[in-house]
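Chain residues, written in single-letter form:
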Amino acid sequence: MRLTKRTLAFAAGMSIGLAGAWGAGLAAENPAHQRHEAMETVQESFKPLRAIAVKEAPFDAAVVKKNATTIQDKLKEAHGLFPEGSDGGDSRAKKEIWTDRAGFDQAMKDAIAAAGAMAAVTDEAAYGNALKTLGGSCKNCHDKYRLPKQ
Amino acid sequence: MRLPSRRTAAAIACVLVVAAVAFLRLSQADPLPASAIPAHAADRANGEVLFHAGSCFACHKPPDGAARASLPSGGSPFKTPIGVFYPQNLTPDAETGLGRWSEADFVNAMTRGLSPDGRHYFPAFPYMAYRAMKVPDILDLRAYLASLPAVTAPAPRHRVPLLGLARRGVGLWKRLAFAQAPFAFASASGGGSWTRGAYLVNAPGHCGECHTPKNLLMIESLDRYMAGGPHPGGEGKVPSLRGLVERKKYKDAADLALALQNGEELGYKDISSGGMGAIQSNLAQLPEADVRAIADYLVSLK
């Protein structure tokens, strides 16, 4: 068979496609990777909330609601992505998540509730405390259940 | 095998005896006498500042769910490669706390790592840093602790192999470790806030205990001062505190001060985990000027 430019391009395209699909498949099966992605979104959504708190941006109830809702959704998603044995590797999940499952679940529930309360904030006076509670719930869980950086 | 001659046996016995005597002498406690403690009218409020600056409560906080959990009556087991240590009760209970300690006892614990009965403390209790504290500050801290309600809470015995012998070993280790001069805060000269920060970070704050890597002798390696390294808990790393602004970790000293005061409550995501969350909770209770002083000093480390 003569290798034409077209067959070469086809072969190259196929291998890239296959590799991509394989990579995506791996990511989909890997809860540590998925929860990491969810947490990255949480962190991104926290930024506009922080900007309001340090007065880099004006208080805007719509912005608060949108970002707090995203945080809540992503926390719920992440909470379901801690099956037993999904620690190790690049994951910073501590073994305590599974040895103290009730404590971990409670910490997650507190964070999800705090995000819900944040989404309901419509006046600036309540904003500071709602953010403290939400950020405090992140800290509480990270202090107990997240390893230091590798 | 032929038995050694009587003469060889005697020589071996002599060497052993000399070695044992040398070990016992070199590892002996060397406490400050009570007469060396200056007269001082204690300032409890300053003592409370030092209590937070030293994050005493990070280690001496009783485990979750314990009664009177807001008092420094013990602590969670402190796991190290040498063994497991149980932080002591710092409340003024006479039997299980510091109730019977004299001023000299407290100063000896803080600056020489000695118990009132002359045993060596393991350096998991960071006296290597505290020995750079000013004695009046130490006495103020003692006055603050003495003002807390007493809680009866005996600390379990440390789980270290050959505990008694290991303690004497600490005595030998101290001879090497103390030979390295303590942080010379008096010669620090970068201005009021910076100098205050240098003191808080290096003496009560004992930041270097985790952020400065240790050499093979478990002594802080000063050429890698605050450069970060393996986490003492065994998993993960402790970040470097050098070049915090240059490496874009924080915008400036004001940003770092906000991070220390608020941590993740303001979305500073790198200030929890590995024990730093508990430290940050303690530092958040310092007066604002002291937090800023710590930040001013830290951002100056290049």
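Residues numbered from 1 in each chain as written. Chains lettered and ligands numbered in written order. Predicted model: local features only at pLDDT ≥ 70, side-chain atom pairs only at ≥ 80, totals over all residues.

A closer look at the nonpolar core
Step number 1: In this structure, M110, L256, L260, I294, A295 and L298 of chain B are the most contacted members of the largest nonpolar core, which totals 64 residues.
Step number 2: The dominant element in this core, judged by the number of residues it contributes, is helix α12 (residues 288-299) of chain B, at seven residues.
Step number 3: When residues of this core are assigned to domains, at least three map to each of domain 1 (34-177) and domain 2 (185-299) of chain B.
Step number 4: In this view, L298 of chain B contacts V201, L241, L244 and L256 of chain B; residues no more than four positions away in its chain are not counted.
Step number 5: Residues F46, I71, M108 and Y145 of chain A belong to the second largest nonpolar core, which totals 28 residues. (Core = buried A, V, L, I, M, F, W, Y, C linked by C-beta atoms within 7 Å. Buried ≥ 20, exposed ≤ 12 C-beta atoms within 10 Å, placed from the backbone. Helix = DSSP H or I, 4+ residues; strand = E, 2+ residues; numbered from the N terminus. Domains from an automatic or database assignment. Contact = placed C-beta atoms within 7 Å.)

Here we look at the interface of chain B and chain A
Accessible area lost upon the coming together of the parts is a frequently used measure of interface size.
Step number 1: Contact residues are listed per partner, giving 17 residues for chain B and 17 residues for chain A.
Step number 2: Listed by contribution, the elements that provide at least two residues to the side of chain B that touches chain A are β4 (237-238) and α11 (276-283) of chain B.

Quick notes on the domain arrangement of chain B
Residue and element names in this part refer to chain B.
Step number 1: Taken domain by domain, chain B comprises domain 1 (34-177) and domain 2 (185-299).
Step number 2: Each of domain 1 and domain 2 has a C-alpha centre, and the two are 22 Å apart.
Step number 3: On the domain 2 side, the residues contacting the 18 residues of domain 1 number 23 residues.
Step number 4: Of all elements in the fold, only α2 (44-53), α3 (56-60), α5 (127-130) and α7 (163-177) reach the threshold of two or more residues within the side of domain 1 that touches domain 2.
Step number 5: Residue contributions to the side of domain 1 that touches domain 2 peak at four residues, all from α2.
Step number 6: Its residues assigned to classes, the side of domain 1 that touches domain 2 shows 13 nonpolar, four polar and one charged. (Nonpolar A, V, L, I, M, F, W, Y, C, P; charged D, E, K, R; others polar.)

Some details on the confidence of the model for chain B
Step number 1: Within chain B, residue pLDDT values average 93, and 97% of them lie at 70 or more.
Step number 2: Taken together, the chains of this predicted complex give a pTM of 0.88 and an interface ipTM of 0.82. (pLDDT = per-residue confidence, 0-100.)

Side note on the packing of helix α4 (residues 103-112) of chain B against helix α6 (residues 135-146) of chain B
Residue and element names in this part refer to chain B.
Step number 1: Closest axis-to-axis distance for the α4/α6 pair is 10 Å, and the angle between their directions is 115 degrees. By the angle between their axes, α4 is roughly perpendicular relative to α6. For the pair α4 and α6, the crossing hand works out as right-handed. Residues E103, F106, V107 and M110 of α4 form the contact with α6, whose participating residues are V135, I138, L139 and R142.
Step number 2: Here the contact of α4 with α6 is composed, by residue class, of six nonpolar, no polar and two charged. (Axes fitted to C-alpha atoms, helices over the stretch in contact; angles between N-to-C directions. Parallel < 35°, antiparallel > 145°, perpendicular 65-115°, else oblique. Left-handed = near helix turned anticlockwise from the far one by under 90°.)

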